[in-house]
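Below are the chains, spelled out letter by letter.
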Amino acid sequence: MGHFRRYSKRELVSKLVEAGYRIIAIRSWNVAGLLPYAISEKILRRPLTVGLRNHGPKGPAGKVANALLDYWFTTIENRFSFACGLSLIAVAEMP
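Source: prediction; values computed, not measured. (Residues numbered from 1 in each chain as written. Predicted model: local features only at pLDDT ≥ 70, side-chain atom pairs only at ≥ 80, totals over all residues. Heavy atoms only, no water.)

Draft legend 1. Highlighting the side chain of Asn 30. Relative to the helices and strands, Asn 30 is located in the loop between β1 (22-29) and α2 (34-43). In terms of polar contacts, Asn 30 uses its side chain to reach the backbone amide nitrogen of Gly 33, at 3.0 Å. Dropping the residues within four chain positions of it, Asn 30 is found in contact with Phe 73, Glu 77, Gly 85 and Leu 86. (Helix = DSSP H or I, 4+ residues; strand = E, 2+ residues; numbered from the N terminus. Polar contact = N/O pair within 3.5 Å; in protein donor to acceptor, adjacent residues only side chain to side chain. Contact = heavy atoms within 4.5 Å.)

Here's what the structure looks like:
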């Protein structure tokens, strides 16, 4: 959503190494978004829009959903590494 490029883990590592960076860590992130993405984009064939995540919660249900996601990301996703997710996070340094 809103990204111009998508890379596999292998591609991202390759591009960083080719550019002279040393990979410190790389991991998947946003495993919670996989199911909504799969349902919307792959099953229903309806693209998720950037506005869906940028316009804030809509009413009490949206506020509850945001609170649950905030809890998930801070207590689970940021502490554990999952094998898959919607995003890759790479930490690299220029030696």
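Draft legend 2. Broad picture of unusual backbone geometry. Phi at Asn 30 takes a positive value of approximately 75 degrees, unusual for a residue other than glycine. Asn 30 sits in the buried class, given a relative accessible area of 17%. Phi at Arg 45 takes a positive value of approximately 60 degrees, unusual for a residue other than glycine. Tracing the sequence through the fold places Arg 45 in the loop between α2 and α3 (50-54). (Buried < 20%, exposed > 50% of the residue type's maximum accessible area, 1.4 Å probe, protein only.)

Draft legend 3. Geometry of a nonpolar patch on the surface. Judged by side-chain polarity, Leu 35, Ile 39, Ile 43 and Leu 44 come together as a nonpolar surface patch covering roughly 410 Å² of accessible area. By the secondary structure assignment, Ile 43 is in helix α2. (Patch = residues over 30% accessible without salt bridge, like charges linked within 9 Å, V, L, I, M, F, W, Y side chains within 5 Å. Areas by Shrake-Rupley, 256 points an atom, 1.4 Å probe, with all protein chains shown as cover. Salt bridge = Lys/Arg side-chain N within 4 Å of Asp/Glu carboxyl O.)

Draft legend 4. Broad picture of the pattern of salt bridges. By the definition in use, this model includes one salt bridge. Between Arg 22 and Glu 93 there is a salt bridge, with its nearest N and O atoms 2.4 Å apart. Taken together, the positions of Arg 22 in strand β1 and Glu 93 in strand β2 (residues 87-93) put the pair 71 residues apart, joining distant regions of the chain. Looking at Arg 22, the relative accessible area reads 43%, which means it is partly exposed. Residue classification places Glu 93 among the partly exposed positions, given a relative accessible area of 32%.

Draft legend 5. Seen up close, the side chain of Glu 77. For Glu 77, the position within the fold is in helix α4 (residues 59-77). It is Arg 27 that comes nearest to the buried, bridge-free Glu 77 among opposite-charge side chains, at 4.7 Å. A polar contact is formed between the side chain of Glu 77 and the backbone nitrogen of Asn 30, at a distance of 2.6 Å. A polar contact of 3.1 Å, which involves the side chain of Glu 77, links it to the backbone nitrogen of Val 31. Discounting chain neighbours no more than four positions away, the residues touching Glu 77 are Arg 27, Trp 29, Asn 30, Val 31, Ala 32, Trp 72 and Phe 82. (Lys, Arg positive; Asp, Glu negative; His and termini not counted.)

Draft legend 6. A look at α4. Taking 1.5 Å as the rise per residue, α4 with 19 residues should run 27 Å; its terminal C-alpha atoms sit 25 Å apart, in good agreement. Those residues of α4 not exposed but buried are Gly 62, Phe 73, Thr 75 and Glu 77. Lining the buried residues of α4 we find β1. (Expected span 1.5 Å × (residues − 1).)

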